[in-house]
Amino acid sequence: MKKAILSGNEAIARGFWEGGGHFANAYPGTPSTEIVENIMKYPEIRAQWAVNEKTSLEIALGASFAGARSLVAMKHVGLNVAADPFFSASYIGATGGLVIVTADDPGMHSSQNEQDNRWYALHAKVPMFEPTDSHEAKELTKQALSLSEEFDTPWLIRSTTRISHSLSIVELGEREEVEIKGYVPDFEKRNLLPVNARKRHEVVEERTLKLREFSEKFWGNRIEEGEDSIGVVANGISYQHAREAIPDATFLKLLMTWPLPDNLIREFASKVKKIFVVEEGDPYLETYLKAMNLGVEIIGKEKIPMTGELNPTIVREALLGQRPSYFEIPKIPHRPPALCPGCPHTPVFYILKRLKANVTGDIGCYTLGALPPLSSMDTCVEMGGSIGNAYGIEIAEAMRGLDPRKKKLVAVIGDSTFYHSGVTPLIDLFHNNGITTVIILDNSITAMTGHQENPGTDVGYRIPKRRVDIEKLVRGIGVEHVYTVDSFDMKKLKEVINREIHRKEPSVIIAKRPCVLLPQMKKRKYTYAIADPQKCTSCTLCWKLGCPAISVTKDKKTWINPDLCVGCGVCIDVCPVDAIYLADPEADNARKAGEEVLGWVKKQQQ
Amino acid sequence: MGKKTTTVIVAGVGGQGILLASNLLSEAAMEAGYDVKKSEIHGMSQRGGDVISTVRFGEKVYSPIVGLGEADVILAFEKLEAMRNLPYLKKEGMVIVNDYRIDPLPVASGYMEYPEGIIEFLKERVKTIALDARDLAEKAGNIRTMNVVLLGVLSKNLDIPEDIWLQVIERRVPPKAIEANKVAFRLGREVAEKAFAGA
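How each quantity is defined
Residues numbered from 1 in each chain as written. Chains lettered and ligands numbered in written order. Predicted model: local features only at pLDDT ≥ 70, side-chain atom pairs only at ≥ 80, totals over all residues. Heavy atoms only, no water. Domains from an automatic or database assignment. Contact = heavy atoms within 4.5 Å. Buried area = accessible area lost by both parts, 1.4 Å probe. Salt bridge = Lys/Arg side-chain N within 4 Å of Asp/Glu carboxyl O. Helix = DSSP H or I, 4+ residues; strand = E, 2+ residues; numbered from the N terminus. Buried < 20%, exposed > 50% of the residue type's maximum accessible area, 1.4 Å probe, protein only. Polar contact = N/O pair within 3.5 Å; in protein donor to acceptor, adjacent residues only side chain to side chain. Pairing = 2+ DSSP bridges.

> Is there a simple way to think about the domain arrangement of chain A in this case?
By a frequent convention, interface size equals the accessible area lost on bringing the separate parts together. Parsing chain A into structural domains produces domain 1 (3-217), domain 2 (222-320), domain 3 (345-520) and domain 4 (524-605). The gap between the C-alpha centroids of domain 1 of chain A and domain 4 of chain A is 46 Å.

Next up, the structure:
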């Protein structure tokens, strides 16, 4: 048997391939991104990026209508975006196997909330698998495809950060070739007019009974015999933590966590004196077990933390009272992530801060503009939220009888986020006579999640695709004041932003520059900037850029790290005493490189 | 080592090659016949934030991560990150630390001070090998072999045969860089040998 060390996400991709998967798409989102990224490596499968999670599920559902085995992957909050088609898909079922992967983020390593998506399975009546390692992630994905067809239902696979981004040993299998059946209309099944939907709801309830029976006998739900004093019920990564923390207990391991196997749970409860429920997030299993009235003491969230991730030490301390022994350290500086040296977003936030604008923000690398020293983003709610939030502030301020322009309201949103869900609130703002200024930070790529193409990507590096031009899109809505400005042209950028926030009409500013980490930008050897300590007056202006290449010497002078600097020259522009200069003005630098890439892009478009 | 699970926390700053190093370690452990799990965090940490990768190997590994006071070795690519992760180390554990400083943003922009005397702080509490891996990487002929120098030090402290390490390095690094990486690995091993001779 061939073995490999795979991450949970790579394993899900492999399982989809082995299970004869045909089509996959996704909107990138940590910790789910690598699933479809890895599926793209298999030539038998068509895989692509979608504009958001809702469209990705709609497209995958359509492919399933036509009998293609399909997969869609998203981060936990992505399923909120896709919730509407998700609930309908449950009624419609699956012709070609349909797998929906939700990757939750307990501990919020890269998310705005810690929601527990197991409730979605219960809520939409969609069966759910939860792997506890990479090998199971692969096997469950593969099986979910055929089970989805057998039970005529979409199938949810719930991962978490520690499943998706942990590597463990996987036994590799071969691909099963499956034909795409082809589209055959089925009006009563797929057109959810109330008259059809009422019948479909009956079908869903009958299906649930069958799935419940299946869950009882499913290989992934099983009792692992141990001592009878303690029984442990656990799911996903919590199973691994608990197995290590309490090795001798009797375990009820659950890989299928909706519907749950009632008889198996009762059998397990009859074998043990008390039950510990070990789960991250909400008391999902605990609530269910307690409602079953098992006649055994059940301990869960009274001891196990409701917030954050678990690990074996936390489980041991919570349930067995074993306190860890460890070295304490004094308070040390934290190391927050920062916008990169040469990042095109930096000048925009620097200017917004100087203008004392009130900024609603959105989700992407540029959310880092909220952190000191840039500190120029008041809100960050969810994908696409910035424009609606700013417009709502405008409405409330106007209702107080104030001129909302005095608030200097600006919504800041990235290119990929704008396509994802920024277009509709801009229509709201425009149509309802709003005047808030919108800045679209266009770096030509979905950068935060590791450079996935989006509809505006100038440089498609896999398959040639049609480009959706942001400026034309915005003008198409009807916005008249649309200005595309070079993000590094700070003088013009400041002038335009200052003018537009005082305009009594809606306006959109597109701040454009390619991401400094694009492959065309990154492969170069750049010169660097030098700060002359004789000329530096310690005015602190360049420190306020928050550039990781800029630091302060002991005698409070600017020092620029030549290893990190890419010679973008933004600090040269902000220095009031000309103390900063490029080491070699003739050599390549990130500013020049960006212009070359943009120039190349323009040629491509003609 | 036998049935016991060994845990190594590889810590440093985004962009230092931590994930490659922990991949090499995982692969070497798998080749040596162990069960292996590795955990890492992507996302925000890529933008110059702190990065941790945990590698665990043994006869049977359950959890891919550990809590406070549980790791056997901290392999730190930057000294402030060694200090940050010290609470995860067993009291009888070991720190291998690159004596190298990268200022985090609160220090660079003048809000906080970089702590003095980190190496001494570590040495007072726990078995510590401190080295200038950047300098040794330069001696090996390629500054990018810094992570392999550190793996060389680590390898002397783990139950994985040297030839397995060398095979994995040969397989995973670009052909042009194989020789420099092998030299870097040996330089790291020498540091560990000297440290034990002196102990």
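> Please clarify how the interface of chain B and chain A should be interpreted in this entry.
On the side of chain A, 55 residues touch chain B, which itself brings 59 residues to the contact. Together chain B and chain A conceal approximately 4900 Å² of surface at their shared face, both sides included; 64% is due to carbon and sulfur atoms. There are 5 salt bridges connecting chain B and chain A. Residue Glu81(B) is joined to Arg335(A) by a salt bridge in which the shortest nitrogen-to-oxygen separation is 2.5 Å.

> What is the right way to read the side chain of Asn9(A) from this model?
All names here are of chain A. For Asn 9, the position within the fold is in helix H1 (residues 8-18). What makes Asn 9 buried here is its relative accessible area of 0%. At a separation of 2.8 Å, a polar atom in the side chain of Asn 9 contacts the main-chain carbonyl oxygen of Pro 31. Residue contacts for Asn 9: discarding those within four places in its chain leaves Pro 31, Ser 32, Glu 34, Ile 35, Ser 164 and His 165.

> I would appreciate a short explanation of the pairing of strand E15 (residues 358-361) of chain A in the present structure.
The side chains of a regular strand alternate between both faces of the sheet. Residues and elements named next belong to chain A. Two strands pair when backbone bridges link them, and E15 and strand E17 (residues 409-414) are joined in this way by 3 bridges, in the parallel orientation. Note that in E17 the partner of Thr 360 across the bridge is Ala 411. In the sheet, E15 pairs with strand E16 (residues 379-380) via 2 bridges, with the strands oriented parallel. Looking across to E16, one finds that Gly 361 is bridged to Cys 380.

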